[in-house]
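Examining the three-dimensional arrangement
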Amino acid sequence: MQHTVTEMIEHMSHSHEQISRILEGKRHVAVRMAQLVHALPDQHPGFGGFEELMDNSRAVTGSVVAYLNSIAELQESLAATLGAVMKEFAVEDEE
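These numbers were taken from a predicted model, which means no experiment stands behind them.

Criteria and thresholds
- Counting starts from 1 at the beginning of each chain's written sequence and moves along it residue by residue.
- Local features in a predicted model are, by the rule used here, given only for residues with pLDDT of at least 70; side-chain atom pairs are given and counted only at 80 or more, and totals for whole chains, interfaces and linings are based on all residues.
- Water and hydrogen atoms were dropped before computing side-chain values, which therefore reflect all heavy atoms in the structure.
- Strands are runs of DSSP state E lasting at least two residues, helices are runs of H or I lasting at least four, and both sets are numbered from the N terminus onward.
- Each residue is assigned to one of three classes by its accessible area relative to the maximum for its type, calculated with a 1.4 Å probe on protein chains only: buried under 20%, partly exposed between the two thresholds, exposed over 50%.
- What counts as a salt bridge is simple: a side-chain nitrogen of Lys or Arg found within 4 Å of a carboxyl oxygen of Asp or Glu.

Observations regarding the side chain of His 16
Take His 16: it is sitting in helix 1 (residues 2–39). Of the residues examined, His 16 reaches a relative accessible area of 12% and is grouped as buried.

Structure (structure tokens):
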């Protein structure tokens, strides 16, 4: 039983590693977009008008929100995985 639990933990660890790599890529995109927004001038931007500027700002905000949601999902996944593993160890200890 312990071998099965160990294999399960190894597979989950690998999948969490892949998720974290994806999140790292999303983080770089969100950081770069935030840097671009920060570099915009405060007055009279010449970026196709106010509406287009607002659309771009919404896109940046959406990327940041998506990144933060991905982090939250990763944390929930890790918590669920660790909860399941701890339950398995508790059952093994009782036996």
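Following the structure, the description resumes.
Describing the pattern of salt bridges
Summed over all chains, the structure comprises two salt bridges. Among the ionic pairs, Arg 27 bridges to Glu 24, the shortest N-O distance being 2.7 Å. Here Arg 27 and its partner Glu 24 are both found in helix 1, three residues apart, which amounts to about one turn of the helix. Owing to a relative accessible area of 34%, Glu 24 belongs among the partly exposed residues under this scheme.

Structural notes on the environment of Met 54
Inspection of the secondary structure puts Met 54 in helix 2 (residues 50–94). Residues Met 54 and Ile 9, 45 residues apart in the sequence, show an inter-C-alpha distance of 45 Å.

As for the environment of Gly 62
Looking at where Gly 62 falls in the secondary structure, it is placed in helix 2. Looking at Gly 62, the relative accessible area reads 36%, which means it is partly exposed. Sequence spacing of Gly 62 and Glu 10 is 52 residues, and the spatial spacing of their C-alpha atoms is 33 Å.

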